[in-house]
Protein chains: 2
Amino acid sequence: MTFLQQLQAAQTAHQSMLCVGLDPEPSRFPGALKGNANKIYDFCAAIVDATADAVIAFKPQIAYFAAHRAEGQLERLMEHMRRVAPLVPIILDAKRGDIGSTAEQYAIEAFERYGADAVTLSPFMGFDSVQPYLKYHDKGAFLLCRTSNKGGDDLQNQRLASVEGQPLLYEHVAKLAQGPWNLNGQLGLVVGATYPNEIERVRKLAPTLPLLIPGVGAQGGDALATVRAGWRSDAPIVVNSSRAILYASSGDDFAQAARAEALRTRALLHNAIAA
Amino acid sequence: MTFLQQLQAAQTAHQSMLCVGLDPEPSRFPGALKGNANKIYDFCAAIVDATADAVIAFKPQIAYFAAHRAEGQLERLMEHMRRVAPLVPIILDAKRGDIGSTAEQYAIEAFERYGADAVTLSPFMGFDSVQPYLKYHDKGAFLLCRTSNKGGDDLQNQRLASVEGQPLLYEHVAKLAQGPWNLNGQLGLVVGATYPNEIERVRKLAPTLPLLIPGVGAQGGDALATVRAGWRSDAPIVVNSSRAILYASSGDDFAQAARAEALRTRALLHNAIAA
């Protein structure tokens, strides 16, 4: 099964385009877990158990594990997710970007060590920094395209004089990912939810790619506008929410609260299709 | 001491602009170490011991450790380098690039967990993806600018219509790093050695920044042209060589062979100043 097929299967089975981002911050952990970096696995596993039937994907962010020497806990978490939610693809959010031989090592890290189904990548170093990941034919890769942070403008929103049609840099990335870079249909794009008109633009340039859309929830993107701009029946959108779900409650009911918030967000997104 | 001062001190003490890149590949390890991922620390420590008095910096590439679950060995190696070569700054080559809260985690990883003196970063997500690293005032950050791989052209060499003077994207990055992004003088740039005229161009736009220049050695850049284009008496260049030094011999004399190759490369670079 390809990564795209995995996404479509999870989308159908769970009627969901919600991705739960696993960005564990011990200082924000609830109740007895608070401040304890040895409980990253426990916290994340509880979130996974509470939301697994409501999501299209999980997205662990590797920085939050690396800052706490918690690679071992991430390995255990990946195993746990595959066991309790075998249908749900796992996107390792690592935003790697390096040349061939080093990229090969990062691909081993993501796909062999952690067993991720897809990874996020930076396109800044060009096609040969993406290619090593594509050798894993059943795996996917989401390229940074248009990010919703303030600094996202600094490079991504510059207009290119040297490319036909004078696209913005992020539009050029979208075209490359839809076209010449997408050797085996494994690529997707990361597009922030803050500017729905940019999601619309990316969707026009990349009609068949899955879009990973962070920024709904804590970052404040508009869920309705996001879905309207990005959703296509044949090209999944993966709408990420992290903090709003992880830290929905600071009490011992955090897992139930996370589930409630996940279900609420799933419904919000789903209803936007009809609206 | 700032990172720039550290570089200048090592440059003067060791009369060197050579950086040894630590990209350990167990399959290429010499003699009895060959294929043994538990010997990553031993291999790298032997290289460090053999070359410490001949370098301006060491540059471990984190992907080679992460692919082998060797974060613990990297931690030990960092400690070893600080102990046997306290004068030599350590650049953690990680090419991170993510937004504020996640970037903060990566900064903790690089500067607090591993104790690196500088890190390599991707500028693709803009200034607020760089800023969290600058809060560590004694640390440095090298931004990817113009990389020497084939795909480096794909984005970095595009001309920007929307910026005054229509620079290429990498020229725009150089200007940002020399100017508005360089709040406390902590930034440097990564520029490949393959095209010396591009180093010259970057040097013109960023006259005072340290340049990290990979691609001499195995990647085949021209050392003389590189030094002529980039070296300034008041702005260090850090010329990286990895494989040509690490794997100079496949026998038990690998450390001596690495030292000989390091000394040879140091001299080659040094002589280019006079030439």
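What you are looking at is a predicted structure, and each value in this text was computed from that prediction instead of being measured.

## Here we look at the relation of the copies chain B and chain A
Moving on, step 1. The two copies are related by a screw operation: chain B maps onto chain A through 180 degrees of rotation and 0.0 Å of translation along the axis, at an RMSD of 0.0 Å. Here the two chains are linked by the operation of a two-fold rotation axis.
Moving on, step 2. Same-surface contact between copies: 100% of interface residues of chain B are shared with the interface of chain A.

## Some thoughts on the interface of chain B and chain A
Moving on, step 1. Taken residue by residue, the interface counts 43 residues in chain B and 43 residues in chain A.
Moving on, step 2. Mapped by element, the contributors of at least two residues to the side of chain B that touches chain A are helix 3 (62-66), helix 5 (100-113) and helix 7 (152-156) of chain B.
Moving on, step 3. Ranked by the residues each element gives to the side of chain B that touches chain A, the list is headed by helix 5 of chain B, at seven residues.
Moving on, step 4. Per-class residue counts for the side of chain B that touches chain A are 17 nonpolar, 15 polar and 11 charged.

## Here's the deal with unusual backbone geometry
All names here are of chain B.
Moving on, step 1. Phi is positive for Gln 15, which is not a glycine, with a value near 45 degrees.
Moving on, step 2. Following the sequence through the fold, Gln 15 ends up in the loop between helix 1 (3-14) and strand 1 (18-22).
Moving on, step 3. Residue class for Gln 15 comes out partly exposed when judged on the 15 C-beta atoms lying within 10 Å of it.
Moving on, step 4. Of note in this structure, Arg 69 is not a glycine but carries a positive phi near 55 degrees.
Moving on, step 5. Positionally, Arg 69 belongs in the loop between helix 3 and helix 4 (71-84).

## Observations concerning the sheet that holds strand 4 (residues 118-121) of chain B
The strands making up a sheet associate through hydrogen bonds between their backbones, and the pairing can be parallel or antiparallel.
Residues and elements named next belong to chain B.
Moving on, step 1. Taken in spatial order, the eight strands line up as 2-1-8-7-6-5-4-3 in an open sheet, and their pairing is parallel. Of all the strands in the sheet, the pair left with one neighbour each is strand 2 (57-60) and strand 3 (91-96). Taking the axes of each pair of neighbouring strands and ignoring which way they run, one obtains an average angle of 30 degrees across the sheet.
Moving on, step 2. For strand 4 and strand 5 (residues 140-146), the ladder comprises four bridges, and the chain directions are parallel. Paired with Thr 120 across the strands is Phe 142, a residue of strand 5.

## Quick notes on the sheet that holds strand 6 (residues 187-191) of chain A
Residue and element names in this part refer to chain A.
Moving on, step 1. Pairing is parallel in the open sheet, where eight strands are placed in the order 2-1-8-7-6-5-4-3. Lying at the two open borders of the sheet, with one neighbouring strand each, are strand 2 (57-60) and strand 3 (91-96). The mean angle between the axes of side-by-side strands here comes to 30 degrees, regardless of whether they run parallel or antiparallel.
Moving on, step 2. Across the sheet, helix 12 (residues 254-274) is in contact with strand 1 (18-22) and strand 8 (237-241); its angle to strand 1 comes to roughly 140 degrees.

## Description of the nonpolar core
General note: in soluble globular proteins, nonpolar side chains tend to be found buried as a group.
Moving on, step 1. Counting 190 residues, the largest nonpolar core has A:Leu143, A:Leu189, B:Leu143 and B:Leu189 as the members making the most contacts within it.
Moving on, step 2. When neighbours within four sequence positions are excluded, A:Leu143 is seen to be in contact with A:Leu121, A:Pro123, A:Val130, A:Val173, A:Ala177, A:Leu187, A:Leu189 and A:Val190.

## Some thoughts on the environment of B:Ala177
Moving on, step 1. Structurally, B:Ala177 is set in helix 8 (residues 169-178).
Moving on, step 2. Filtering out sequence-adjacent residues up to four positions away, B:Ala177 remains in contact with B:Leu143, B:Asn182, B:Leu187, B:Leu189, B:Ala206 and B:Leu209.

## Let's talk about the confidence of the model for chain A
Moving on, step 1. Across chain A, the average pLDDT comes to 95, with 98% of residues at 70 or higher.
Moving on, step 2. Note on the complex model: pTM 0.97, ipTM 0.96.

## Let's talk about the packing of helix 2 (residues 40-51) of chain A against helix 12 of chain A
All names here are of chain A.
Moving on, step 1. At a closest axis distance of 9 Å, the pairing of helix 2 and helix 12 adopts a crossing angle of 45 degrees. In terms of axis orientation, helix 2 runs oblique to helix 12. For the pair helix 2 and helix 12, the crossing hand works out as right-handed. On helix 12, the residues touching Ala 46, Ile 47, Ala 50 and Thr 51 of helix 2 are Ala 255, Gln 256, Ala 258, Arg 259 and Ala 262.
Moving on, step 2. Here the residues of the contact of helix 2 with helix 12 sort into six nonpolar, two polar and one charged.

## Observations regarding the environment of B:His137
Moving on, step 1. Here B:His137 lies in the loop between helix 6 (131-134) and strand 5.
Moving on, step 2. Put simply, B:His137 and B:Glu71 are 66 residues apart on the chain and 25 Å apart in space, counted from C-alpha to C-alpha.

## Thoughts on the packing of helix 10 (residues 223-230) of chain A against helix 12 of chain A
All names here are of chain A.
Moving on, step 1. Across the interface, helix 10 lies against helix 12 with an axial gap of 9 Å and an inter-helix angle of 50 degrees. Our classification of the angle between helix 10 and helix 12 gives oblique. Pair helix 10 / helix 12 crosses with right-handed handedness. Of helix 12, the residues touching helix 10 (which contributes Ala 223, Leu 224, Val 227 and Arg 228) are Leu 268, Leu 269, Ala 272 and Ile 273.
Moving on, step 2. Split by residue class, the contact of helix 10 with helix 12 holds seven nonpolar, no polar and one charged.

Quick notes on the rules
Residues numbered from 1 in each chain as written. Chains lettered and ligands numbered in written order. Predicted model: local features only at pLDDT ≥ 70, side-chain atom pairs only at ≥ 80, totals over all residues. Least-squares fit on C-alpha atoms with pLDDT ≥ 70 in both. Contact = placed C-beta atoms within 7 Å. Helix = DSSP H or I, 4+ residues; strand = E, 2+ residues; numbered from the N terminus. Nonpolar A, V, L, I, M, F, W, Y, C, P; charged D, E, K, R; others polar. Buried ≥ 20, exposed ≤ 12 C-beta atoms within 10 Å, placed from the backbone. Pairing = 2+ DSSP bridges. Axes fitted to C-alpha atoms, helices over the stretch in contact; angles between N-to-C directions. Core = buried A, V, L, I, M, F, W, Y, C linked by C-beta atoms within 7 Å. pLDDT = per-residue confidence, 0-100. Parallel < 35°, antiparallel > 145°, perpendicular 65-115°, else oblique. Left-handed = near helix turned anticlockwise from the far one by under 90°.

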